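Descriptive analysis of the structure
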Amino acid sequence: MPGRVTPPFRLVPLAVEDAEALAAFEVANRDWFEREVPPRPAAYFDADALREILREMLEGPEAERARFFLVRAMDGTIMGRVNLTGITDGPRGREAEVGYRVGPAHARQGLARAALGVAIHMAREIGLDRLKAKVPEYHVASIRVLEANGFMPTGEAPVMAELHGAPLSLSHYARDL
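So, here is what we can say about the structure in this document. Note that the structure is predicted; figures quoted are calculated from it, not measured.

**Notes on the pattern of salt bridges**
Within this structure, the stated rule accounts for 15 salt bridges. Between E26 and R40 there is a salt bridge, with the nearest N and O atoms lying 3.5 Å from each other. Residue E26 is found in helix α1 (residues 19–34), and its partner R40 is found in the loop between α1 and α2 (47–59); the two are separated by 14 residues along the sequence. Note on E26: relative accessible area 1%, which makes it buried. Between E34 and R30 there is a salt bridge whose closest N-O contact spans 3.2 Å. Residue E34 and its partner R30 are located together in helix α1, separated by four residues, close to a single helical turn. Judged by its relative accessible area of 32%, R30 is partly exposed. Taken together, the shared-partner salt bridges connect E26, R40, R81 and R101 into one network.

**Observations concerning the packing of aromatic side chains**
Enumeration over the complete set of coordinates arrives at two aromatic pairs. When the centroid spacing of 5.7 Å and the interplanar angle of 55° are considered together, the rings of F25 and F33 count as tilted. Residue class for F25 comes out buried when judged on its relative accessible area of 6%. An angle of 55° between the planes, with centres 5.8 Å apart, marks the rings of W32 and F33 as tilted. The exposure class assigned to W32 is partly exposed, which follows from its relative accessible area of 28%. One aromatic cluster is present, built from ring pairs that chain together F25, W32 and F33. Cation over ring: R30 sits above F45, and NZ or CZ is 3.8 Å from the ring centre.

**Some points on the nonpolar core**
Counting residues in each nonpolar core, the largest one holds 30 residues, and the members touching the most others are V71, V82, L84, L131 and F151. Those elements that place two or more of their residues in this core are β1 (9–13), β2 (67–73), β3 (78–90), β4 (93–102), α3 (111–125), β5 (130–136) and α4 (140–148). Ranked by the residues each element gives to this core, the list is headed by α3, at nine residues. If we skip the residues at most four places from it in the chain, V71 touches F9, R10, L11, T77, I78, M79, G80, R81, V82, L111 and A115. By size, the runner-up hydrophobic cluster in this structure holds 17 residues, among which are V16, Y44, L50 and L70.

**Quick notes on the packing of α3 against α4**
In the contact formed by α3 and α4, the axes pass within 9 Å of each other and the chain directions differ by 40°. Crossing geometry of α3 relative to α4 is assigned as right-handed. Of the residues in α4, those touching α3 at A112, R113 and L116 are V145, L146 and A148.

**Quick word on α4**
For α4, every residue scored as buried is listed here: S142, I143, V145 and L146. All buried residues of α4 project into a common sector of 155° when viewed along the axis, lining one side. Facing away from the buried side of α4, by more than 90 degrees, are the exposed residues R144 and A148. Structurally, α4 contributes buried residues whose contacts are with β4, α3, β5 and β8 (166–176). Of the residues trailing α4, G150 is marked for its positive phi of about 85°.

Procedures and definitions
Residues numbered from 1 in each chain as written. Predicted model: local features only at pLDDT ≥ 70, side-chain atom pairs only at ≥ 80, totals over all residues. Heavy atoms only, no water. Salt bridge = Lys/Arg side-chain N within 4 Å of Asp/Glu carboxyl O. Helix = DSSP H or I, 4+ residues; strand = E, 2+ residues; numbered from the N terminus. Buried < 20%, exposed > 50% of the residue type's maximum accessible area, 1.4 Å probe, protein only. Phe/Tyr/Trp six-rings, centres within 6.5 Å; stacked < 30°, edge-to-face > 60°. Lys NZ or Arg CZ within 6 Å of the ring centre and 35° of its normal. Core = buried A, V, L, I, M, F, W, Y, C linked by side-chain atoms within 4.5 Å. Contact = heavy atoms within 4.5 Å. Axes fitted to C-alpha atoms, helices over the stretch in contact; angles between N-to-C directions. Left-handed = near helix turned anticlockwise from the far one by under 90°. Arc of directions from axis to C-beta.

In structure tokens form, the structure reads like this:
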């Protein structure tokens, strides 16, 4: 898009201390996110409950199987998230599922594309060999973000999920690192 300028940002590891700001981000953007993805559990919208969820995610027995990041503006404001989950040894080396979300105030500015690019670099640094993603077949913007970062359709049969009681078909994408 001509004239689009991606806002400056930092991709920083998520910490338990981020619970209050993250809950506020999720509350502020809940309606917008839930138009495209299944809703998060209610606990994600309460800072105290989210703090316990984060503690388990970041310090619990499964902590080594995921990395969670916040996309922060230079003033510290949360603009979005990037997650690497399900880290396992697969047939093509260490792999993870990548997911991302950017708040509506920062959509269509190239932020998701840029943040995913930084996350790919971080994935290499932690020894991952491959990233996978699932995206709703109709979500053209998210498909463009993936493809701009070297992801390609895998050819696997779509996974069926549900969004607001309607079936949701998710296409598989992947890229080697």
